[in-house]
Amino acid sequence: RSILSVLTARSFLLVLTARYGGALNTNGPQLSRRVFFSGSAATAAAVAGTATPLLVPSMPRARAASEQSESYEKEISQKTLLAGLATSPVRNIIVTGANSGVGLAGAKLLTAAGHHVTLACRTQAKADAAASACMTYAATGDTSFYSARRAGGAAIGAECDLASLASVRAFAKSMEGRNVDTLVLNAGLAHGQADKEPCRTADGFEETVGVNHLGHFLLANLLAPTLSKSSNDPRLVLTASPVHDPKSGGGNVGSPASLGNLAGMVNDGSGFNMIDGSSYDPDKAYKDSKLCNMLFMAEAARRYKGKFTVNAFSPGLIADPKGFFRNQDPLFASTFNTITKVAGVAESNEFGGSGLAYMATDASMDGATGGWYDSVPVGKHQLSKHAPSIEAQNVDEQKLLWMLSAKLVGT
């Protein structure tokens, strides 16, 4: 990278932080998530010298919180997210993607709070290492974020590679006859904008949608009979993202999420590049996969009503270069991570994990289904229930995606 570009980007970061830091104060006027994504991504891209999934060439403009029309049905503070973990009934919980990031943070909290957690990860080695970390955290781990402990917590690792339907089926088979009270579909990936051709799963699917949606779709349906047998208010929880909504910050940067008429799935079957039939775009593929999560959540809540509840949540903006941002340009990811922390809009893996744990166990979620719990306002460290995107509420699209997904995975 040229010295000039780095110095320019550093200057931009200082200006962004100084100019809009006050707007990010949660007690005063706030910078909208949309504005923040635009400006900070442009800064990070200037450092990296590359196009990014978040890049738009514009400077941010502050927008007062009072100008935002969003209203929330329910707001859940960080304190509340943690309050009931060790007093709610002990649950048997499966968490996918639990070897790092939000999944691992949530699994640690759940284990420390006395629950029984199966960490479903891409390899057995990763799963075993994560399970060991959970047990260590429960016994002797740092209590600075979460101090409560309840005896009896357990964590075990299991292989479940969501990029392989055979692996998903094998894992689901291994869970037959066991008690499952909560299934958390948390694993996810996003490819960098430099990728010009799609990576493929073992079954030929575009990998982003294949892992984030289709692998989870199969797993949820295979485990539905087992989950339905639970007498402990069984739940299905999805880790989603506000980028499914083109009106959200992040969601309106770059190509917006939209499945169109699902022409890619309809015409190309397992060989689709993009669900809507367009040319491959890794940024849009991720957004589309998160829209799939929301459409699936709504349809599953309807189909499994009376058997178990289904809800989705967002862990917030966590630009961890070694976690979810691992497939992005390293310098971009590192810079963007720094910006979000300095500006006070970043969430931590621990916050995301506490949201996951709350959704999986808290008594206040008993009977609640079909809800979207977003991490807004940015930087306030809370979950807020509100309506998803307009497209995510399209019942016909929910049904069509379900039908096509079932055909692709063979359920």
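Everything numeric here is computed off the predicted structure, so don't read it as measured data.

A. Examining the nonpolar core more closely. Within the largest apolar cluster, 56 residues are counted, with the highest numbers of intra-cluster contacts made by Phe171, Leu183, Leu219, Leu236, Met265 and Phe296. Within the residue set of this core, elements represented by two or more residues are α6 (165-174), β5 (182-185), α7 (207-228), β6 (235-239), α9 (282-303), β7 (309-313) and α12 (395-409). Other than its neighbours up to four places away in sequence, Leu183 contacts Ile94, Leu219, Ala220, Leu223, Leu227, Arg235, Leu236 and Val237. Ranked by size, the runner-up nonpolar core spans 39 residues in total, among them Leu82, Ala113, Ala127 and Ala360.

B. Just α9, in detail. Between its first and last C-alpha, α9 extends 31 Å over 22 residues, near the 32 Å set by a 1.5 Å rise per residue. Counting buried residues along α9, 20 of its 22 residues qualify, which places the element largely inside the surrounding structure. Between a side-chain oxygen at the N-terminus of α9 and the backbone nitrogen of Asp283 the separation is 3.0 Å; the capping residue is Asp281.

C. Representation of the packing of aromatic side chains in the model. All chains considered together, the criterion is met by five aromatic pairs. A network of ring pairs unites the aromatic residues Phe217, Phe296, Tyr304, Phe308 and Trp402 as a single cluster. Taking NZ or CZ as reference, Arg149 lies 4.7 Å from the ring centre of Tyr137, over its face.

D. Inspection of the state of the cysteines at higher detail. Applying the stated criterion to the full structure yields zero disulfides. Here Cys134 is not cross-linked by a disulfide; its sulfur's nearest cysteine counterpart is in Cys121, at 8.9 Å.

Calculation criteria
- Residues numbered from 1 in each chain as written.
- Predicted model: local features only at pLDDT ≥ 70, side-chain atom pairs only at ≥ 80, totals over all residues.
- Heavy atoms only, no water.
- Core = buried A, V, L, I, M, F, W, Y, C linked by side-chain atoms within 4.5 Å.
- Buried < 20%, exposed > 50% of the residue type's maximum accessible area, 1.4 Å probe, protein only.
- Helix = DSSP H or I, 4+ residues; strand = E, 2+ residues; numbered from the N terminus.
- Contact = heavy atoms within 4.5 Å.
- Expected span 1.5 Å × (residues − 1).
- Polar contact = N/O pair within 3.5 Å; in protein donor to acceptor, adjacent residues only side chain to side chain.
- Phe/Tyr/Trp six-rings, centres within 6.5 Å; stacked < 30°, edge-to-face > 60°.
- Lys NZ or Arg CZ within 6 Å of the ring centre and 35° of its normal.
- Disulfide = S-S within 2.5 Å.

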